[in-house]
Amino acid sequence: VDVNSALSAETFNLTSGVLNVDTAMSAVGFNQSGGTVQGGATLTVTGLYAWSSGTMAGMGETAANGGLYMSANTNKSINGRKLTNTGTATWATNGWTLYLSNGAVVDNLGVWDYQGEGTIANNGGAATFNNPGTFKKTGGTATTVVGAGIEFDNTGIVRSQSGAISLQGNGTHTGNFDGPGGVVSFDAGTHELDAGTSLTGVVRETGGLVNVNSALS
């Protein structure tokens with residue numbers, strides 16, 4: 001399906017094939033259970049974006065403004081595209097990986113909620129996760145991993161309420177790292193803790209390099 005002029009829809013279901021978003025498209029709801037969303041324009045979803053399988057690709061943006069629900073034990077990927085979450089992104093199931101590659105960017109402006117365990121991994125090229133919002137783990141007793149090769153920059157809150165969040169890539173930070181019921185762990189990579197950074201609860205360093213560049217609170 002090629003979107004070549006402005007389009008709005010109530011609910012769009014993508015089960016296979018390719019949706020080329022070459023001109024701005026908006027939908028109240030979007031269900032992606034397969035296939036690829038690609039193209040150079042912005043797909044804006046004002047309601048829930050339900051993502052159980054498939055790929056986001058291209059140089060455009062997917063704006064999940066009404067929440068993102070990531071389910072099913074199926075790996076998902078963002079190849080070059082930007083995903084912006086302004087609502088609540090729920091990682092609802094265990095044991096799968098979100099692959100970022102070739103300049104992919106995730107901007108979490110809302111809440112990114114792990115209700116179990118999972119991995120964000122680099123699948124080649126640059127990959128960035130910006131967190132001015134809240135990145136938290138609320139369920140599961142094992143470890144959620146932000147892997148090597150992921151530039152994870154925290155200007156908001158990283159919070160582990162259960163199990164552990166393991167940061168294994170590089171990052172520049174001015175936000176809060178909080179382990180009120182779990183652990184936030186700097187396990188690899190180089191982390192710059194700049195002015196404004198605070199550590200609360202259980203936060204640890206087990207590997208890599210952590211540079212404290214200003215007084216911590």
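These remarks concern the structure in this document. Given the structure is predicted, the values throughout are model-derived calculations rather than measurements. (Residues numbered from 1 in each chain as written. Predicted model: local features only at pLDDT ≥ 70, side-chain atom pairs only at ≥ 80, totals over all residues. Heavy atoms only, no water.)

Focus: the overall build of the chain
- A tally of regular secondary structure across the chain gives zero helices and 26 strands.
- Computed over C-alpha atoms, the radius of gyration of the chain comes to 17 Å, within 12% of the 17 Å expected from 2.2 N^0.38 for 217 residues, which places it in the range of a compact globule.
- Overall size of the chain, expressed as C-alpha extent along the three principal axes, is 50 × 30 × 25 Å.
- Relative to all contacts within the chain whose residues are 6 or more apart in sequence, the contacts with residues 24 or more apart total 19%.
- Total accessible area computed for the chain in this model is approximately 8100 Å², and 48% of it derives from carbon and sulfur atoms.
- Here the chain contributes 7 positive and 14 negative side-chain charges, whose respective centroids are spaced 7 Å apart. (Helix = DSSP H or I, 4+ residues; strand = E, 2+ residues; numbered from the N terminus. Rg over C-alpha atoms; globule rule 2.2 N^0.38 Å. Contact = heavy atoms within 4.5 Å. Areas by Shrake-Rupley, 256 points an atom, 1.4 Å probe, with all protein chains shown as cover. Lys, Arg positive; Asp, Glu negative; His and termini not counted. Charge placed at Lys NZ, Arg CZ, Asp CG, Glu CD.)

Description of the sheet that holds strand β26 (residues 209–212)
- Spatially, three strands are ordered β22-β24-β26 in an open sheet, and the strand pairing comes out parallel. For this open sheet the edge positions go to β22 (171–173) and β26, each flanked by a neighbour on one side alone. Neighbour-to-neighbour, the strand axes of this sheet turn through a mean angle of 15°, independent of strand direction.
- As defined by bridge partners, strand β24 (residues 190–193) adjoins β26 across four bridges and the pair is classed as parallel. Across the sheet, residue His-191 finds its bridge partner in β26, namely Val-210. (Pairing = 2+ DSSP bridges. Axes fitted to C-alpha atoms, helices over the stretch in contact; angles between N-to-C directions.)

Some points on the environment of Gly-196
- With respect to the helices and strands, Gly-196 occurs in the loop between β24 and β25 (198–205).
- The residues touching Gly-196, leaving out its near neighbours within four places in the chain, are Thr-174 and Gly-175.

Quick notes on the nonpolar core
- Ranked by size, the top nonpolar core spans 42 residues in total, and within it Phe-30, Tyr-49, Leu-68, Ile-78, Leu-100, Trp-112 and Phe-135 carry the most contacts.
- In contact with Leu-100, not counting residues within four places along its chain, are Ile-78, Val-106, Ile-120, Ala-121, Asn-122, Asn-123, Gly-124, Ala-127, Thr-128 and Ile-150. (Core = buried A, V, L, I, M, F, W, Y, C linked by side-chain atoms within 4.5 Å. Buried < 20%, exposed > 50% of the residue type's maximum accessible area, 1.4 Å probe, protein only.)

So, the packing of aromatic side chains
- Taken as a whole and assessed by the stated rule, the structure comprises 10 aromatic pairs.
- Ring plane angle 25° and centroid distance 4.8 Å describe the contact between Phe-30 and Tyr-49, whose orientation is recorded as stacked. Here Phe-30 is found in strand β4 (residues 25–38), whereas its partner Tyr-49 is found in strand β6 (residues 49–57), with 19 residues between them in sequence.
- Residue Phe-30 is classed as buried on the basis of its relative accessible area, which comes to 0%.
- On the basis of relative accessibility, which here comes to 0%, the residue Tyr-49 falls in the buried class. (Phe/Tyr/Trp six-rings, centres within 6.5 Å; stacked < 30°, edge-to-face > 60°.)

Some thoughts on the side chain of His-191
- Structurally, His-191 can be placed in strand β24.
- Residue classification places His-191 among the buried residues on the basis of a relative accessible area of 1%.
- Aside from chain neighbours lying at most four places away, what touches His-191 is Leu-167, Gly-169, Asn-170, Gly-171, His-173, Phe-186, Leu-209, Val-210 and Asn-211.

Focus: the environment of Gly-67
- Following the sequence through the fold, Gly-67 ends up in the loop between β7 (61–64) and β8 (68–70).
- On the accessibility criterion, Gly-67 (4% relative accessible area) is buried.
- Between the C-alpha atom of Gly-67 and that of Asn-85, which follows or precedes it by 18 residues, the distance is 7.1 Å.

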